[in-house]
Each structure stands twice: as C-alpha cells, then as structure tokens.
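Structural features, examined
Chain by chain, the residues:
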Amino acid sequence: MLGRLLLSRGYHSTKGVFGHRPRPTTRYEGLAAAVLDKRNANANVYRWVEAYRNHGHRMAAIDPVKFHLADEAASEPLPELQYARYGLGAGDRIDPRGLLNVPAAQQPLSMAELDALLARMYCGSCSIELAFIESEQEREWLAGRYEQLFQHELTVGERRELAELMLKSQAFDQFLAVKFPTVKRYGGEGAESMMAFYWELFRSAGEHELRNVVIGMPHRGKLNVLTTMFGTRPAKIFKKFKGYPEFPADAQAMCDIASHFHTSTDITVGGKTFHLNMLHNPSHLEAVNPVSMGKARAKQLALADGPYDASDPDRRSKVLNVQVHGDAAFPGQGINQECLMMATVPHYEVEGTVHLIVNNQVGFTTPAERGRSTRYVSDLAKAIMAPVVHVNGDDPETLAGVTQLAIEYRQKFGKDFFIDLNCYRRWGHNELDDPTVTNPLLYRVIHGRPSIPDRYAGRLIEAGVFDQQDVDAISNSHRNYLTAELAACEQYEPERSYFGGQWAGLQQPGDEVTVWNTGVDYRLLSHIGQESVRLPEGFNVHPHLQKTHIDARRKRIAEGQRIDWATAEALAIGSLMYQGFNVRLSGEDVGRGTFAQRHAMLVDQQTNEIFIPLNAMAAATPNAGRFELANSILSEEAVLGFEYGMAIDSPNSLVLWEAQFGDFFNGAQIIIDTFLVSGETKWMVCNGLVMLLPHGYDGAASEHSSCRVERFLQMTDSRETSPDGDAVNLQIINPSTPAQYFHALRRQQIRNFRKPLLVVAPKTLLRLSDCVSPHTDFAPGTHFQPVLPDPAPLDPKRVRRVVLCSGKHYYTLASERQARQVTDVALVRVESLCPFPVQAIRDELAKYANAREFVWSQEEHRNMGAWTFVQPRFENMCERRIQYRGRPEGATVAVGVSKWHVREAEDVIKTTLY
C-alpha cells in the first residue's frame, strides 16, 4: 500500500502548471466477469500459466552464442514450469480462452499441447518480464498483446525487406573492412538484427502519426544505420575516413570522428512523414541519453505537445524518444539510473522512452558475468516498472514484433519500454582489436557460426522466399553502390547542416566582442516586478514570505533604488517573456532557491497548490513566453545533459541550470567536457545554456565554497597573447551587481548567436545591503559591462596601486578600504573573465597614470581561482607586471577550521590593500 501511495502522490498541483500536465486518473474496471469465472474455475491451470509468464524468461533460448557450462545447467527443467506441480495431469484437456490470449480452439488442448504453446511464447527466442509491474491493467494488457505476437507472421514482402536491410548492413561492414582496413568503424557485425528494430520503429511511427523521433545511440553500428536507413550518403563517411573535414571550409569547427555523426532528416513510411533526429554522441558511453530526452522535450515544447498540451490530458505525445544502449555500459554507467529516475518526474518526463539494449554479452574485454551483479543487463528497468522483453538476435522477425509492442505500450501508457537484444560482437571492441586474447571460448563459438544476416537469409531460402541468387544480388548491388559512392567521395561537398529551421537567423560570432543594448524601460520593469509577487485571490501565502519577499519586493520596485539580486533575476526573466522568449530554470530546489532567495514558485499553505506569478502575468500578455520552473531530482550529470538537450533545440528559450552549490557541477563533468564546451567546435551544434554556480568563501570548508572557476577557464579556447572575441567556446562572468546579472541573462537571448554562459553566482551577495542596483542601471541604452570602474571618489593621480578583482571579493576589499580610509588603492572589477576584456582593462588603467603596482586579488588559493588565467593575459596584452594577492597554494578548496578561515581572509585583505 505504501508503494502505491508513493507512486500516486501529487506534485504540488492537481491543476497543472506550465510544462506539467497531471496524468488523468482513469479508473481500471478490472477483468471481465467471464474471464474471472474462467480463471477461478481453472485456478491451477491459471497458476501454471502465470508461472510461465513470471519465470519463463529464465528458460528462454535468447542467447545466439551459448558457450558457458552454466548454459547447460540452464537447460534443466524449471520446477515452477512443471504442470504436475499445480495438480495437473497429462490426461487433462484445457480450453485456453480466458487464460491466454489465443484464438479460440476447435477443441480443448492437451497438457502437452498447452505446454508447447506456453514454451513457444515464453521460453522461445524471446520472453517478457512482467512480475515486477504493480499495475494489473498494464500486466494484463502486456500479457495479452505479447501473446498476440505469436499469432502474426510477416508477409513475404516484409521478410524480404528485413533480409535486404540486414544484408546491406553486412555488405557495408565488409566493404569498409576491405577499403579502410586500418580504420576503427565500430561496425554492426553480430547485431545486424537491429535493422529490424529501426524498420518497425519507422513503420509504427507512421501508424501512430508521430511528428518527431529523437534517437540517442552509441557508436556501435551507427554508421550502418545512418547509411542504410537514415539517408546519410556513404560518400560523406568515406571522405571522412580519407582524412577530410565533414563541414564546409567556412565553419569554425575542429570536427569529430565518423562514428559520432548525427542526422536530422524527414522519413516517410506508408505515406506518413515524421522528422528523425539522431544525435551526435561522444565516446563517453550513455552520456547522450539525457541529451536525447532533453531534445525530445524541446520538440514537445515547440509543438505544444505532451506535457505542454493542457487542452487534452488523454492525448499522447507525438514526439518519441529512443535510446540505444550497450550491454556493459547500461548497468555500469550511473547516468542511466539518473535518467530512469527522471522518467516520470514533472518537467523532465517525455511520456515514455523506447530503449534498445544491443547486448554484445561482453564489454571492452569484460565478460558479461563480470560486468554486473544482476541476471540481465536490463534489470535497472525494474526500478521504474518498465516492461522488458529479451530477444534472440537470430530472430529479427520477432524483434520487429516486439518493437511494435514497445511503441504501442508507450503510446497507450506513456511509459518506458525495454528491449534486450541478445546478439554478439563479431570482432573486438573495434575491428583492430583481437578479442580471442581475453575471450577465446566465446569467440570460438562466434567465429564458428554463420553471421546473423546469412543465417536469416538461409531460413528464407529454406522457406522459398529467396534463392541464393537473390541474396547474392542484394549484396552485390549494395557493394556496387558503395563503390560508386567511394569514387564520388572526392567530389562530395560537405553539407551546411546548421543554422536552419529554428536556428535560422543565428550565426557563429566573429572575432570581436560585441555590445548589445539590453536595457528596458523601468515602467515595464516596475510592472513586471509587481506582477512577480502578485497572488490570486484567496491564496494562502506563508506569512514570513508575505513580509520578507512580497512586501519587500514591492517596496524595492516602488523606490527603484535598491534592486536586489533575486528581483533583478525576476525582471530579466519577465522582460524576456514579454519579448516572447520562453525561460526554463532547472536544478535542485530552484523554485525556492537554495538560499531561500528566489521564491518564483509559491505554495499555498492550506492546499499545497503551487502558483508561479510570472506565468499568470504571461497569460494576460499577448504572445508572451512562459516560465518553466523544473525542480530536479538530486542529479547533476543527467539533469545538465537534459538541459543541454533542451538548449540545442530551443534557441528561443533561455535555459538555465543552477547547481545547488557551485562545486556540485563536478558530478556533471562528462556533460560539460563532451557536450557543453566542445559541442560547437566538434559538431557545429550551438547552445546558449546558462550555468549558475554559487561560489564564495564563507567558512563552509572544502565543499560548497568554490565553483572551481579555474577548471572552466582552462576549458575555454581564450588566447593568451591576443584579444578574445565573442567566438570563445564558453563565456564566463563573475558579476558583482544585480544589474550586471540582469544584463547578462538578457544578452543571452538578444544576441544573434548562442554561447554557453557560466555565471559565478553569489551566496552572501544575495542579501548584502551594498549589493543593489538603481533603476538607472537597467534603463534603455545600458548593457553588460565587462569591467566595472571604481565608484569611490579617488583622486586618480594619487593612486599608487590598481587592484583587479572579481565578484563578491570586491565588497570585502571595498569595505576594508573605506574603514581604513585607504585612498591610494583603486579597485577595478573584472566582471567578464572570458572573453578576457583587454581593452576595457586598458581603459581603466589609463585613468591611473601614476600607478606603479598592479595586483590581482582573489579569495581562492593561488593554484585555483582566476589567477593563472589572468596573469599571462594581463602581462602579455596590458604590458605590465601583475602581482598575486590571495591564499597560498592548497590541496583542498578551503580550510575546515573557522579561526583559520578568518585569519586567512584577513591576510588576503591586508596584503591586497597595504
């Protein structure tokens, strides 16, 4: 009962909010009376049938390359499947209607006949796992629909289509092996039956009138499906193998390997057209999965579909997410658990993903039994009660039927479905690797058997569907086509596959820093500010928030002189919404904010219903965008990957991810390295994702003090000896005023290009009385300033030392300078670290002609923070020596003793100012 309560709990809203559509509570009427009567009258037979449904998979013949001694033990009869165990005898005869979903028999079946029927369905070349699914409605539907698969056979034409696709895949691998013998192609040999999966996927997508199919797939077999089924010209692959770039000469790209290629194309099957996106994948296995989910979610947003379709809660999404996994990586990579935990979470669900595990039964060299502690590679699926069907790779026809079942289930229930395709890898991890060194017995079996396409073609020859001449003609024809493509590859011109569709009008920036007017009339901002705390009549707000948040914001807006950080953020988001941009803010506890500063989502204290004031404002504003607040699961890697997927598909949406504390980004390092900072230069895939990383040395010890900005600075392609432009791969700012933050957020959308932005976000500045901005700093004509001058009334001629600093550290230094009445030290704030603002710094230095000392001051240790980034750029391009003031080198971010922290902070201030 507890589990049922947990699964059905609400999400702060029975009505729904933007991006979350509560699922309708459909009443399950249960089994028909006639079915119950039949099962009760044949209770022992039904127990036996259920035993097959629950345990048959343990005896299923799903392994195409058995070689273990344990496999022989597995052939021993399973006690649970013996009908005698249930009081049944060999002479009994049973009418299976009401017990199984089979056609009506002319006469009752003998026990031997029924046993053979059950074994064929549940112990043959495929088997389903159902026992862990709590919902009787789902179990009954799945069992019935699964049993129907065995009553349908493909037509002769369909079987020929399957064989042709598999033979073409094999011919492609064989062609590459001859023409490019030293290239790692990560072919599909041993898994060619995955062609049957895609074949049926396309057919079902058309039948269900899907609009978009978004696929995340690793490198194994990717080139096969791209060239055989997805319309990618082999000439593009061949030219890449010959050492040429895949983009036109004017693209600012470093390119990538062929097995990371993508496609974006329309597919037409049976007169129905849908758009197919197969994403670029890095070599970090499974990392593409949350990206594919985020991109699918962005497609739903663009279509006002699925979770964004409030008009009809029963209408299933027309966007399908598909994820293809490897057998070693799926149970081994924690990102998969994170993705599954997002599967039904509001603002992250995509209404069901179809998963295909290409089960090679070996990792790089690791045997399957050493790659996990579970029976099946798919056992993670049980955590979310997703159905699993195991299929033998030698049976592509059954795989096609199971794929149809998977999509039907997804469309009916809006949940995930797993297919475990048991196959093998004919060669090593790549074709240059010898797998017999580590797995000799397995590869003795593999190399001693026919290939999967040849075996299937042989079956069709035996059935009279093909003859050997047909098989040879298919292979020869495809080889001839590939030969022609190879000859044409030298003349092949790379396609311009970027800045089309929703990206039209955007571009890669040039090699200069541009300035964008991001100011807004304060009359509009005042309206937005007031609306950001306006509540509907009868809403029971928390009394503390009424005073400290709602009343305080109204007062700040009315006065217009002391706009704080959270208010500036609300003004930036609201003004972008007024201009038609959607805004999505994702992360742990973002509705309230880690530091209880945001409160963009308010909760009624009596009803538990949530209310988002900015969306109420947008609803009353024609053509306004919407604000999606996505309180995430406690995950960084999958959630950031999801947001990246949203950002690469939605240039007209401001997508922000906020870490609970700045150092939590390190859980998402794979996403940052392989997608966020390198996706444009590898794949010409731009994104404008904003990362908010709270940072600041406040005595919190080694964790939660630093966002490790030095690591991000190292990941940029900023130059040390010549000025940066907007073309840097990652923009990094450490803003010190609310107005600067306001302009930075708005600039992300106003510009005609998209670059990821890292904001070194504040903690103590959220409530620091000095960290406020007047309304004039938001006015039309204002913009983000890469460097802020010293506001103190200093005599420039008397300044002997110019201190460059960034972010929160400025306020500490300024407070001490004022208290000590230091008048010969200027404090210049470097708000933009990358692009490094050389000219703006030079302009500030020119004010202090008599200064002889130039200092970089930071809170962080010398081997951390921005020091090693700033020093060479300042000295090379500002042509002055610069000194360091800050903590000495350290192995951890901060000390764990409060007295030591205070002493260190005092030393930094003293050495900076005196």
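Below, the structure is looked at part by part. (Residues numbered from 1 in each chain as written. Predicted model: local features only at pLDDT ≥ 70, side-chain atom pairs only at ≥ 80, totals over all residues. Heavy atoms only, no water.)

Per the counting criterion, the structure on display carries 54 salt bridges. Between Glu 138 and Lys 415 there is a salt bridge, and its shortest N-O distance comes to 3.1 Å. Pair noted here: Glu 138 is in helix α6 (residues 136-148) and Lys 415 is in the loop between α14 (396-413) and β10 (417-422), with a separation of 277 residues, a long-range link. An identical accessibility class is assigned to Glu 138 and Lys 415; each is buried. Residue Glu 485 is joined to Arg 233 by a salt bridge in which the shortest nitrogen-to-oxygen separation is 3.1 Å. Residue Glu 485 is found in helix α17 (residues 468-488), and its partner Arg 233 is found in the loop between α9 (222-228) and α10 (234-241); the two are separated by 252 residues along the sequence. Residue class for Glu 485 comes out buried when judged on its relative accessible area of 9%. Three or more residues joined by partner-sharing salt bridges are found here, namely Arg 21, Asp 309, Asp 312, Arg 315, Arg 316 and Glu 351. (Salt bridge = Lys/Arg side-chain N within 4 Å of Asp/Glu carboxyl O. Helix = DSSP H or I, 4+ residues; strand = E, 2+ residues; numbered from the N terminus. Buried < 20%, exposed > 50% of the residue type's maximum accessible area, 1.4 Å probe, protein only.)

Here we come to the sheet that holds strand β14 (residues 627-631). The strand order β14-β11-β15-β16-β18-β17-β22 describes an open sheet built from seven strands, whose pairing is mixed. Both outer strands of the open sheet, β14 and β22 (832-834), are each paired with one neighbouring strand and no more. Taking the axes of each pair of neighbouring strands and ignoring which way they run, one obtains an average angle of 20 degrees across the sheet. Here strand β17 (residues 731-733) runs beside strand β18 (residues 757-761); their pairing, made up of three bridges, is parallel. Considered in β18, the bridge of Ile 733 is made with Val 759. (Pairing = 2+ DSSP bridges. Axes fitted to C-alpha atoms, helices over the stretch in contact; angles between N-to-C directions.)

Okay, the pairing of strand β21 (residues 825-830) next. In terms of burial, β21 is a largely internal element, six of the six residues being buried. Both faces of β21 are covered, namely the face carrying Val 825, Leu 827 and Arg 829 and the face carrying Ala 826, Val 828 and Val 830. Relative to β21, strand β20 (residues 801-805) is paired through five bridges, and the arrangement is parallel. Paired with Arg 801 across the two strands is Val 825, which belongs to β21.

This part is about the packing of aromatic side chains. Within the structure shown, the criterion is met by 32 aromatic pairs. Pairing Trp 48 with Tyr 83 gives two aromatic rings, centres 5.5 Å apart and planes at 75 degrees, and the pair type is edge-to-face. In this pair, Trp 48 sits in helix α3 (residues 43-55) while Tyr 83 sits in the loop between α4 (69-74) and β1 (93-94), placing the two residues 35 residues apart along the sequence. Ring geometry for Trp 141 versus Tyr 409: centroids 6.1 Å apart, planes at 45 degrees, classification tilted. With Trp 141 in helix α6 and Tyr 409 in helix α14, this pair connects stretches of sequence that are 268 residues apart. (Phe/Tyr/Trp six-rings, centres within 6.5 Å; stacked < 30°, edge-to-face > 60°.)

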